[in-house]
Structures are given as C-alpha cells and as structure tokens.
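# Structural overview for review
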Amino acid sequence: MDANELKEWNKIRSRELKEKFLKSQKILLTDYGHREFEVMDFTLAEEMLNKYSLEELEEEVLADVELERGNKQNGCLIALNVLQKADGDKTQAGIILHDIRNTMIAYYDYQIEIEQIRSKALRKLDIELERS
C-alpha cells in the first residue's frame, strides 16, 4: 500500500470511528434520559405510596383501564405493584420500592459507565489514527 492509499484508508477509518463515537454519544444521552425518566417514576411512586392506600390505587388503575384512558403514570402502577407485593403494608412496600429503585439506578449507571469507556476508546483510536 503506497502513501496515498494509506492516507485515504486512514481518512475512511477515521470517518468510521467518528460515526461510531457519535453513535456511542447518542446511546449515552439516551441512557441518561431513560435513567432520569425512571427516577421520576419511582419518585412519583414513593409520593403515591405515602398518599394513597392499596384500595385507592387499585380504584385509580381500574378506572383508568375501564375508561381506556391509559394515561396513568408509571409511578402509580409501580406503587400499586409494590403495595400488592407487600400485602398493603406501606412500610414493607417502601422497602421493596427502595430496593427496586436502587437496582434500576445501578443498572443505568452500569450502562452509562460502559458506554463512557467505549466512547473514550473510540476517541483515543481516532486520535491515534490522525497522528499516523
């Protein structure tokens, strides 16, 4: 491979690395967005646990389903789910909710950390390619 071919190959490879880097950055932004959205759902669920009883949450969800509104926040459904698992015990439901929330945050944090490593590696490869 002569110098011109190598230079052209490096340009193509650099463009590919930049595209992969941008894709990785888009994934990162999506992961951050999903994480924040989920945190809001769990915050709403916690508020609903404090405010409503199991029966009240069940009535809200049933009315929503019956009227086919389908607009109940996930927080309401999460609160109902943990209250049902805890047989209506709000203290136990709070513990379950806390554990699930921490697991969700750990999952997204892990995904974000992995994607940050990928982005950094892609950027490093591109810089090294530009130097050659």
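Reference entry: report on the structure contained in this document. Along every chain, residues carry numbers that run from 1 in the direction the sequence is written. Residue-level local features of this predicted model are given only where pLDDT is at least 70; pairs of side-chain atoms are given and counted only at 80 or more, and the full residue set underlies all totals for whole chains, interfaces and linings. Side-chain numbers here rest on the full set of heavy atoms in the structure, without hydrogens or water.

Moving on to the side chain of S24. Helix and strand assignments follow DSSP, with helices taken as H or I runs no shorter than four residues and strands as E runs no shorter than two, numbered in order from the N terminus. Positionally, S24 belongs in helix 1 (residues 3-51). Burial status follows relative accessibility: with a 1.4 Å probe on protein chains alone, a residue under 20% of its type maximum counts as buried, one over 50% as exposed, and anything between as partly exposed. Judged by relative accessible area, which is 1%, S24 ranks as buried. In this description, contact between two residues means that some pair of their heavy atoms is separated by no more than 4.5 Å. When neighbours within four sequence positions are excluded, S24 is seen to be in contact with E115, R118, S119 and L122.

Below, the discussion takes up the packing of aromatic side chains. Pairing of aromatic rings covers Phe, Tyr and Trp, the last through its six-membered ring, and needs centres within 6.5 Å; plane angles under 30 degrees mean stacked, over 60 mean edge-to-face, and all others mean tilted. Tallying each qualifying case throughout the model produces one aromatic pair. An angle of 75° between the planes, with centres 5.1 Å apart, marks the rings of Y107 and Y108 as edge-to-face. A relative accessible area of 46% places Y107 in the partly exposed class. By relative accessible area, Y108 is classed as buried at 12%.

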